[in-house]
Amino acid sequence: MTVPREMPEKWPRVRDPGPAEEERRVRANAPEYNEKFQYANNCIKTSKYNIITFLPINLFEQFQEVANTYFLFLLILQLIPQISSLSWFTTMVPLVLVLTITAVKDATDDYFRHKSDNQVNNRQSQVLIGGVLQQEQWMNVHVGDIIKLENNQFVVADLLLLSTSEPHGLCYIETAELDGETNLKVRQANPVTSELGDTSKLALFDGEVICEPPNNKLDKFVGTLYWKENKYPLSNQNMLLRGCVVRNTEWCFGLVLFAGPDTKLMQNSGRTKFKRTSIDRLMNTLVLWIFGFLVCMGVILAIGNAIWEHEVGICFQIYLPWDEGVHSAFFSGFLSFWSYIIILNTVVPISLYVSVEVIRLGHSYFINWDKKMYCAKCQTPAEARTTTLNEELGQVEYIFSDKTGTLTQNIMVFSKCSVNGHSYGDIQDVLGHKRPKPVDFSFNPLADPRFQFWDPSLLEAVTLGDPHVHEFFRLLSLCHTVMSEEESQGHLYYKAQSPDEGALVTAARNFGFVFRSRTPKTITVHELGRAITYQLLAILDFNNIRKRMSVIVRGPEGRIRLYCKGADTILLERLQPLNPDLTNITTDHLNEYAGEGLRTLLLAYKDLEEGYYEDWAERLQRASGAPEAREDRLARLYDEVEQDMMLLGGTAIEDKLQQGVPETIAILTLANIKIWVLTGDKQETAVNIGYSCKMLTDDMTEVFVVTGHTVLEVREELRKAREKMMHGSRSVGNGFSYQEKLSSSKLTSVLEAIAGEYALVINGHSLAHALEADMEVEFLETACACKAVICCRVTPLQKAQVVELVKKYKKAVTLAIGDGANDVSMIKTAHIGVGISGQEGIQAVLASDYSFSQFKFLQRLLLVHGRWSYLRMCKFLCYFFYKNFAFTMVHFWFGFFCGFSAQTVYDQYFITLYNIVYTSLPVLAMGVFDQDVPEQRSMEYPKLYEPGQLNLLFNKREFFICIAQGIYTSVLMFFIPYGVFADATRDDGAQLADYQSFAVTVATSLVIVVSLQIGLDTGFWTAINHFFIWGSLATYFAILFAMHSDGLFQMFPNQFRFVGNAQNTLAQPTVWLTIALTTVVCIMPVVAFRFLKLDLKPELSDTVRYTQRVRKKQKAQHRYMRRRGRSSLRRSGYAFSHQEGFGELIMSGKNMRLSSLALYSFPPRPSVGWIETLRKKRGSDASTAGSPSAADKV
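Keep in mind the model is a prediction, meaning the values are calculated, not measured.

A. Looking closely at the packing of helix α33 (residues 995-1017) against helix α37 (residues 1069-1096). In the contact formed by α33 and α37, the axes pass within 9 Å of each other and the chain directions differ by 30°. Relative to α37, α33 is oriented roughly parallel. Judged by the sense of rotation from one axis to the other, the crossing of α33 with α37 is right-handed. Together, Thr1001, Thr1004, Ser1005, Ile1008, Val1009, Leu1012, Gln1013, Leu1016 and Asp1017 of α33 and Val1071, Thr1074, Ile1075, Thr1078, Thr1079, Cys1082, Ile1083, Val1086, Val1087 and Arg1090 of α37 make up the contact between the two elements.

B. Looking closely at the confidence of the model for the chain. Chain-level pLDDT for the chain is 82 on average; 86% of the residues reach the 70-or-more range. Taken together, the stretch residues 731-749 has pLDDT below 50 and engages in 34 contacts with residues farther than four places along the chain or on a different chain. Every residue in residues 1126-1170 is under pLDDT 50, and counting partners more than four places away or in other chains gives 62 contacts.

C. Looking closely at helix α3 (residues 66-78). With 13 residues, α3 should cover 18 Å at 1.5 Å per step; its first-to-last C-alpha distance of 19 Å lies within 8% of that length. For α3, the set of buried residues is Ala67, Asn68, Tyr70, Phe71, Leu74, Leu75, Leu77 and Gln78.

D. Region of the structure containing the packing of aromatic side chains. Enumeration according to the criterion identifies 60 aromatic pairs in this entry. Between Phe472 and Phe473, the aromatic rings sit 5.1 Å apart at their centres with planes inclined by 85°, giving edge-to-face as the arrangement. The same class applies to Phe472 as to Phe473, namely buried. Taken together, the ring pairs connect Phe892, Trp893, Phe894, Phe896, Phe897, Phe900, Phe974, Phe975, Tyr978, Phe981, Tyr995 and Phe998 into an aromatic cluster. One Lys or Arg, Arg123, reaches over the ring of Trp138 and ends 5.0 Å from the middle of that ring.

E. Geometry of helix α28 (residues 908-918). For α28, the tally of buried residues reaches nine of 11 residues, placing the bulk of the element in the interior. Considered for burial, the residues of α28 that qualify are Gln908, Tyr909, Phe910, Ile911, Thr912, Leu913, Tyr914, Asn915 and Tyr918. The backbone nitrogen of Tyr909 has a side-chain oxygen 2.9 Å away, supplied by the residue at the start of α28, namely Asp907.

F. A look at the pattern of salt bridges. Going through the model one piece at a time under the given rule, you end up with 53 salt bridges. Two residues, Arg385 and Glu383, come together in a salt bridge whose shortest N-O distance is 3.9 Å. For Glu383, a relative accessible area of 35% translates into the label partly exposed. Notably, a salt bridge pairs Arg554 with Glu610, separated by 3.0 Å at the nearest N-O pair. In this pair, Arg554 is assigned in strand β23 (residues 548-554) and Glu610 in helix α16 (residues 610-625), connecting sequence segments 56 residues apart.

G. Up close: the sheet that holds strand β9 (residues 223-227). A sheet is described by the order of its strands in space; here four strands give the open sequence β1-β8-β9-β10, paired in antiparallel fashion. In this open sheet, the two edge strands, each paired with only one partner strand, are β1 (24-27) and β10 (230-234). Put simply, the sheet's adjacent strands are angled 20° from each other on average, direction ignored. Here strand β8 (residues 208-211) runs beside β9; their pairing, made up of four bridges, is antiparallel. Within the sheet, the bridge partner assigned to Glu208 lies in β9 and is Tyr226.

H. Looking closely at the pairing of strand β13 (residues 251-258). Most of β13 is tucked away, with eight of its eight residues classed as buried. Pairing of strand β4 (residues 146-150) with β13, which is carried by five bridges, proceeds in the antiparallel orientation. Each bridged residue has a counterpart across the sheet, and for Lys148 the counterpart in β13 is Phe253. With six bridges connecting them, strand β5 (residues 158-164) and β13 associate as antiparallel partners. In the sheet register, Leu159 faces β13, and the bridge partner there is Val256.

I. Quick peek at the environment of Lys403. Mapping Lys403 onto the fold places it in the loop between β15 (396-401) and β16 (408-419). Apart from residues lying up to four places away in sequence, Lys403 is in contact with Thr408, Arg599, Val677, Leu678, Thr679, Asp681, Thr685, Ala686 and Ile689.

Cut-off values and rules
Residues numbered from 1 in each chain as written. Predicted model: local features only at pLDDT ≥ 70, side-chain atom pairs only at ≥ 80, totals over all residues. Heavy atoms only, no water. Axes fitted to C-alpha atoms, helices over the stretch in contact; angles between N-to-C directions. Helix = DSSP H or I, 4+ residues; strand = E, 2+ residues; numbered from the N terminus. Parallel < 35°, antiparallel > 145°, perpendicular 65-115°, else oblique. Left-handed = near helix turned anticlockwise from the far one by under 90°. Contact = heavy atoms within 4.5 Å. pLDDT = per-residue confidence, 0-100. Expected span 1.5 Å × (residues − 1). Buried < 20%, exposed > 50% of the residue type's maximum accessible area, 1.4 Å probe, protein only. Phe/Tyr/Trp six-rings, centres within 6.5 Å; stacked < 30°, edge-to-face > 60°. Lys NZ or Arg CZ within 6 Å of the ring centre and 35° of its normal. Polar contact = N/O pair within 3.5 Å; in protein donor to acceptor, adjacent residues only side chain to side chain. Salt bridge = Lys/Arg side-chain N within 4 Å of Asp/Glu carboxyl O. Pairing = 2+ DSSP bridges.

So this is what it looks like as structure tokens:
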């Protein structure tokens, strides 16, 4: 795509259509001309399939998954008789089941996409065809058509506004579907086409538009209209975008420039970058390892087969001949390798990935259904917009938060102001007493009754006619883009693009300068009851680079004046240096306001000479029509006129903290989560909010402020900060010096073990240098050594760069949370993005992975849902690998006793149903419902969150432990029945040892053992868990007896050959004793190990559960003692002293309340030191991998 500023000065008249569109040419009422460019029509298609293509395309997509392709390969192998000892359906049934479930899910999703597409494509629109308006479906609208829209109708495509029913060609639109903002915005037709309100005139309109190609920039449009030998510049103000709704406009006509997939709405609906969790990446690695292990087992057994056939099998060729085509022991071993690959394939279970998705889906529904994360005021529930990141919510170490609208409410209130060196707005009078009541605005019939101001001296200055105060409020009533609606006589309703603008205009309104209405060329203000209309000559709009806006107006007396408001850092350098005292006093006032956490703006004005303005306006007109570098030219002209302005004063707006923000930050900090605030506000405001929300505290050792303007200054300030932190950490404790501790733990960064709490505050211009390649590591090490980091005056790009920096060098999960469009890049960059549905639209929500309405819900999202999701997923994976290795490895041991002939232990139906019937539902129930501690304890004890950050519950070490347990179980599962059956007899004296009885005994032992094992692994029992575990066990016996029944044998004699075997085998006491012995020997070591671990090295969750039980027993005892009376109370006073534990601590209540010590209040346990040791080791590894030693830099 060609950027607009790179467009040629003169547009070529002929263009061959090609795959890469460099410009767009559209001629009105000329379908033949437009058709040759083959532009997209207005039919949108978000669906992926149709009835014919669904099966092939969906199967193709599913077989792009390595696991599905692997099992398809196994299925093909099973169809080869020479190597398959299993029927094809043992792999076919699970594979078809997995493919079917995924296909049904994809088909359901696509059905709803088809339904939505049809609903949109079949909407009706009025198209001008042959001079007559005709009803057409949206899908039949083409580029170059002229469309008529009426009030409250959706805009059908991206249109060039031609004419409207309103004066001056105005059209009011609502852009909620584009950016979430419900306030009205105004668009204006070009004056040359605004008179084309009649269909007969529009039918003769043959203007040609040459403009930029399709792109996703909602706020920019560059084009030129050629008509009647003239050209007219076009901008975004002339465009109606698809997705907007026409409001307060009876009708309007527009020319279709972009249709269907070329519209900006559809260009912005591209796929979000797919995010994968650390568990996903680890799981893929482990599956590859398992596959390698499978190949190794196959090779071992194949070699065994070749040796056995060469040494022993050759002696039995008479009655055990080789299969046809097998002529050597080597080739027999080769075929045996593939046979064992088929038999042992269940170590890589096909149901693993489907089960993981089902569990994640359940976790997402729990988030959506959580009533404690529902905001009743705005009727907004929490929403999990993805199902792939739930467990990573339990591993977050860094949170990057916006300030305005995220930590604060983004509901602005005009609080204080400074006018001509005088400060107004103090709630207290000169004697320090709080003023009894707010200012009375009853004299003003147009005042907003909700507005409150406590300082009457400002109203007195207005009443006395102070010219500076009058000019101050005149600026506020003129310099804005607010739209005014008069709902009834005297009742005004302002619709502002930002809450700041609304607060400033409302303040001017209450003090007597009432903005009443506007047209494209005028603004009407009632100044102290007198209506005055100003001619609006130009609007120099706000953007993130300019950080200011200006208007140029002509007053009734003919004077031309520029009014400007903006950030103090921008306006101070554009003021006339005539009155430095006033500048210093106003700056002091703004700093004082910012220190109170208020948002500040500076106000200035400038009178323009008539001749200069005419020359400047002419240059502005030429720049507006330039097809090349239009934005740069306009920016230079804006900057030229906004110089040498006169200071008028400053404003201070209050944006209060959201409810529960300080408590949430305190709890998340106790969970060892570091919170960085990235805001566009000035330093003083951000620092004050930091203190308000308890990010910064007076107990901190030091708060470092980095404000350098050059690379050298920033580097020096960061170096001094590191030196101070090192100086305060010379002695770490326990008599060891800092150097000794550094050496013993092999830390590469000298900042890893600092003592004390520090914070870092850095400005945007300093951050720009700190993020340079040669300094980013120094900045990161300094920032990560601090408890809190606040970045002020940062741009949206810098926010994303900071997040990317932490992702690049730290092995930590990051989360970004924001509410505005300026937070989208940060939200998309972080591992997890959270959108706040607040006052700034829904762009942040649309780009996020999770959304809710208040920052305080983040605490519950991470500490409850995130921690539980991580815990459940880890327990699920550990058990899943365990049960499959216990199941599969029995075949491996059996190979040594069956001549390596690839004979299976179990019957083929048990192999088919083991993972999809007998053991699937219990592990799913555990993965969806399990808890280690109740949700209240998760919130009370934030330290419970740390195992997820350290990835303790499922890692390579835990994986190998699960595998070892599975192999141990398989050994006992095979050799105990094998040893018993060698000499056992039936009740009638017959030999018990036959293959079928052995298979039933091993299979029954396996199902019972894995069912008991999941019972041990389940920490939170529900009715569903009971039903699934014991129901699966009952289902196994029901199916077992059914498949060994006479009825099935008579119907399918070749398939069900074990007729009567289950009944005969399980009727023998020896078999049940064997099953019981196997079960006890398999389970008891696990029980003993967990008992000793709980007693000698308990985890944090074990400690919390113990205190919970003690607390319940204590409450019951107190109730009992109250019933027994005073004498009984005296006798039982030492009831809890028989065991030394947490009794005194619980009675004190210290560990039951949230404090800075949380779980550190417990007596020292090995687990805490263990956790800390792992954390420091992990930090050392991250610093070794990601950054050079800071010791060389400091």
